[in-house]
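Examining the three-dimensional arrangement
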Amino acid sequence: MVGRIYRASECTGHLAAKRHPTPSLTITLYNITGDKVAEDVKIPVDTGYEGPIMLTSELYRFFMKAELPRSLWRSYKTLSGTITMRTARAVIKIIDQEIETFVETPFLGEGKLLIGREILNKLTIIIDGKRSETCVSND
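Each chain has its residues counted from 1, following the order in which its sequence is written. In view of the model being predicted, local features appear only for residues whose pLDDT reaches at least 70, and side-chain atom pairs are presented and counted only at 80 or more, with totals across whole chains, interfaces and linings using the full set of residues. In computing side-chain values, all of the structure's heavy atoms are included and hydrogens and water are not.

1. Describing the overall build of the protein
For the record, the criterion: Starting at the N terminus, helices and strands are each numbered in turn, a helix being any DSSP run of H or I of at least four residues and a strand any DSSP run of E of at least two. Radius of gyration means the value over C-alpha atoms here, while the globule rule gives 2.2 Å times the residue count to the 0.38 power. With a 1.4 Å probe rolled over the protein chains alone, any residue whose accessible area is under 20% of its type maximum counts as buried; one over 50% counts as exposed, and the rest are partly exposed.
If you tally the helices and strands in the protein, you get two helices and 10 strands. Moving toward the C terminus, one meets the helices and strands of the protein in the order β-β-β-β-α-β-β-β-β-α-β-β. Taking 2.2 N^0.38 as the reference for a compact globule, 139 residues should give roughly 14 Å; the C-alpha atoms of the protein span a radius of gyration of 15 Å, in line with that estimate. Summarising its shape, the C-alpha atoms of the protein cover approximately 45 × 35 × 30 Å along the three principal directions. Scored against the burial criterion, the 139 residues of the protein give a buried share of 39%.

This is the structure we're talking about:
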C-alpha cells in the first residue's frame, strides 16, 4: 500500500503569529444544555497540550453549569510547574461532526484558546504549511 488519499471537507487559514503562522481549526462551542456559546471560532492547534479544548476564563464561565466536581479536575505538568484546570462538559461542532468533550481553563490565571490532542486524536486533519491552512477530512 502506497498511502492514503485525503479529501478535505473544510479548511481554516492559519492564524498570524510573531514568527510563523499557527495551524488552527474553526469550531462551534455549545454548553451541555445545547446553548450555542460561540460560533465559527478559530482556535490554534497545539499538539503539546494533552487535553481537549482550553478556553479563556471569560469564555469558560458559559460552561460552569456543567462543571465537574473539583476532585475530577485535571492537572498538567509544565516546565513552570503543575497547573490545575477547571473542567466542564461541553459539545463542539467541527464541520458536521458533533463531539461531546470537556473544556478547561486554569484554576489560577486567564487561560487561552487551544485545541489539544484529546480532540485532535478523534479527527483526521491535514496541516498544509505551504497553503497556510489546516483541513479536516471526513475520511
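2. Topic: the environment of Ser 57
This is how it is decided: The contact definition used throughout considers only heavy atoms, calling two residues in contact when any of these lie within 4.5 Å.
Within the fold, Ser 57 resides in helix H1 (residues 57–60). For Ser 57, a relative accessible area of 23% corresponds to the partly exposed category. When the C-alpha atoms of Ser 57 and Glu 104 are compared, they prove to be 8.7 Å apart, with 47 residues separating the residues in sequence. If we ignore the near neighbours within four places in the chain, the residues touching Ser 57 are Thr 105, Gly 109 and Glu 110.

3. Some remarks on empty space enclosed by the protein
Keep this limit in mind: A cavity here means a set of 1 Å grid points, computed over protein atoms only, where a 1.4 Å probe fits but cannot escape. A pocket is an open set with protein on both sides within 12 Å along at least 5 of 7 lines, and lining residues have an atom within 4 Å of a point. Grid points are joined across faces, edges and corners, and a volume is the space filled by probe spheres set on the points. Classification convention: Asp, Glu, Lys, Arg as charged; Ala, Val, Leu, Ile, Met, Phe, Trp, Tyr, Cys, Pro as nonpolar; all other residues, Gly among them, as polar.
With the rule as written, the count across this model stands at one cavity of 30 Å³ or more. One number sums up the size of the largest cavity: a volume of about 30 Å³. Around the largest cavity, the lining residues are Glu 10, Thr 12, Leu 25, Thr 26, Ile 94, Ile 95, Thr 134 and Val 136. Looking at the lining of the largest cavity residue by residue, the classes come out as four nonpolar, three polar and one charged.

4. Here's the deal with unusual backbone geometry
In the Ramachandran plot, Asp 40 falls in the positive-phi region, its phi being about 55° despite a non-glycine side chain. By relative accessible area, Asp 40 is classed as exposed at 54%. A positive phi angle, close to 55°, is found at Ser 132, a residue other than glycine.

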